[in-house]
Amino acid sequence: MKIRFLRLIALVLTAAVLLSGCGMADFGGYFGALRSLAEGSAIVPYESMTYQRPDMTRLRQTLDAACEAAEGEDVSAILNGVYDFYDAYDWFGTYYALADIRYCADLTDTYWEDEYNYCAQNAAAADAALQELYRALARSPARAELEQDYFGEGFFDSYEGKETLWDETFTTMLEEEAKLQTRYYELSSQAADYPEDMEGYYDACADDMASLLAELIAVRQEMAEYWGYPNYPRFAEDFYFYRDYTAAEEEQLLEDIRRELVPLYRELSGDAWEAAGAYSSEKETLDYLAAAAKAMGGTVKEAYDLMKTAKLYDTGYGENKYNSSFEQYLTGYQEPFVFMNATLTAYDKLVLAHEFGHFCNDYASHGSAAGVDVLEFFSTGMEYLSLCYGGEDLTRAKMADSLGNYVEQGAYASFERQMYGLTGDDLSAEGLYALYEQVALDFGFDSVGYDRREFVDVTHFYTNPMYVFSYVVSNDAAMQLYQLEQAQSGAGLALYEQNLTTEESFFLAFLDGAGLESPFKAGRISSVKAVFESVLE
């Protein structure tokens, strides 16, 4: 029963993050108590984790049984049905994550390509099944007791009635989106054929990748229109994110960045990056993180020990590896995993610190339930803390990177918002190139050199739409950890540790609770500018 309880926690809390209408559920002390069951779980090395292709027929059968039990009043029988479904759903997610990690390790491996594609194309059906279960529980004669003792008051309110977002039409749209996303991975694997020739890579591949993005935009706009939204950005922020700030505030922040930080970006000297460009082997990169984790101690050190003991990482260089980095939480094994394709430079140390920040957050909370912007605070925050505890002077390089984060991610966010306004002939590879060039010039990219086709390398446009703005606001919050550390050693780390288990969905609410300033506060970007000027002068 222990493992089933743990999966109940993970799945319900994951649903609170990912699914519309669940974010305000109050799980109270019940789930808080169950969380403690995760303590002392046996460590499973990554190499011992097994994969099975998810059985969608069994998932459906388990759902039908759970929905049938929900028609009765026997709460024990209903919960057993819920646990059984969560178990099947949980392992679907775990196998999907394993297929993703193993396919990304070698994009030429056709077995893992097929398994990843199978999981990706069935993900919408699995999520629709979870919604169907909640609607059945909302209709259950035992609903009041389920909410009072298990799910929290009002949890099922958004599942009343027959209308559901996850109907057949919408699920079909999500499946089409997933197919297009798998094509992105196939196309991006071609980069391995041009290891030292970006111009040749763009000449050969950019048109296809840009055209694919145009197709994705069209499908996503269709989703938004289907549910009555004026545009996809508005839909995505309701469906995927818990953003308690407005589009007007976002635009104002981007304008502040253009006014205050782009001039600094234009003047940034190339030698600011010198330390980050030095050679660093995989071992040296891991040693940097080890030193930082040891110096920080506490939960951070515990998380690092787990990562190393169970080898929950793939951080070397591979010619056929997916050229990016990410962290996945493997719910079935209750363990996080870090993936990175190394550049074999010191910049890898900051990238690894970023993904390890996600690892720490998932480790501490047994699978984080926080909102996306909050999640990125912990990853970017670990980069800044590593400057103070890693034993190497990467501060100037990190501040150059941070300035680039504000400006470049801000540019990407601006481009992404505008690209969903393209229609007709403008919704094409050439239309996207023209829009990107305009945005690139607005944000000073001409001072560092750019290619109007380079947006095809921004993974999030394809796989995680409307995500990049999270990097802007989370970077601002995370930078405050560095400022706290400069004022008093240990202050930033203490705040980081105190908040690792947060379940807060809303970013500004999180900042308020943690005593941090909002990135939208008047004068905040001027304060950031002063920090950059002091370090980068």
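1. Considering the side chain of aspartate 451
Then comes step 1: Along the chain, aspartate 451 falls in the loop between α16 (429-442) and α17 (459-463).
Then comes step 2: Owing to a relative accessible area of 14%, aspartate 451 belongs among the buried residues under this scheme.
Then comes step 3: Residue contacts for aspartate 451: discarding those within four places in its chain leaves Glu199, Tyr202 and Tyr436.

2. Points about the nonpolar core
Then comes step 1: The biggest cluster of nonpolar side chains holds 153 residues, and the ones touching the most others in it are Ile257, Met307, Phe356, Met419, Phe455, Phe461 and Phe532.
Then comes step 2: Considering each element in turn, this core owes the most residues, 14 residues, to helix α8 (residues 198-226).
Then comes step 3: Residues lining this core come from more than one domain, with at least three contributed by each of domain 1 (41-150) and domain 2 (232-536).
Then comes step 4: Apart from the residues lying within four places of it in its own chain, the contact partners of phenylalanine 455 are Ala210, Leu213, Phe415, Leu432, Tyr433, Tyr436, Phe461 and Tyr462.
Then comes step 5: With 32 residues, the next largest nonpolar core counts Met56, Ala70, Leu79 and Ala142 among its residues.

3. Considering the packing of aromatic side chains
Then comes step 1: Using the criterion set out here, one finds 55 aromatic pairs in the structure.
Then comes step 2: Judged by centre distance (5.2 Å) and plane angle (80°), the ring pair of tyrosine 116 and tyrosine 185 falls under edge-to-face. Here the residue tyrosine 116 occupies a position in helix α5 (residues 110-139), and tyrosine 185 occupies one in helix α7 (residues 168-188), the gap between them amounting to 69 residues.
Then comes step 3: Plain terms: the ring middles of phenylalanine 155 and phenylalanine 156 are 5.1 Å apart, the flat faces sit at 85° to each other, and that makes the pair edge-to-face. Comparing phenylalanine 155 with phenylalanine 156, the two get one shared label, buried.
Then comes step 4: Taking the ring centre of tyrosine 118 as reference, the NZ or CZ of arginine 53 above it sits at 4.1 Å.
Then comes step 5: Directly above the ring of tyrosine 384 sits lysine 398, whose terminal nitrogen or CZ lies 4.9 Å from the centroid.

Scoring rules and cut-offs
Residues numbered from 1 in each chain as written. Predicted model: local features only at pLDDT ≥ 70, side-chain atom pairs only at ≥ 80, totals over all residues. Heavy atoms only, no water. Helix = DSSP H or I, 4+ residues; strand = E, 2+ residues; numbered from the N terminus. Buried < 20%, exposed > 50% of the residue type's maximum accessible area, 1.4 Å probe, protein only. Contact = heavy atoms within 4.5 Å. Core = buried A, V, L, I, M, F, W, Y, C linked by side-chain atoms within 4.5 Å. Domains from an automatic or database assignment. Phe/Tyr/Trp six-rings, centres within 6.5 Å; stacked < 30°, edge-to-face > 60°. Lys NZ or Arg CZ within 6 Å of the ring centre and 35° of its normal.

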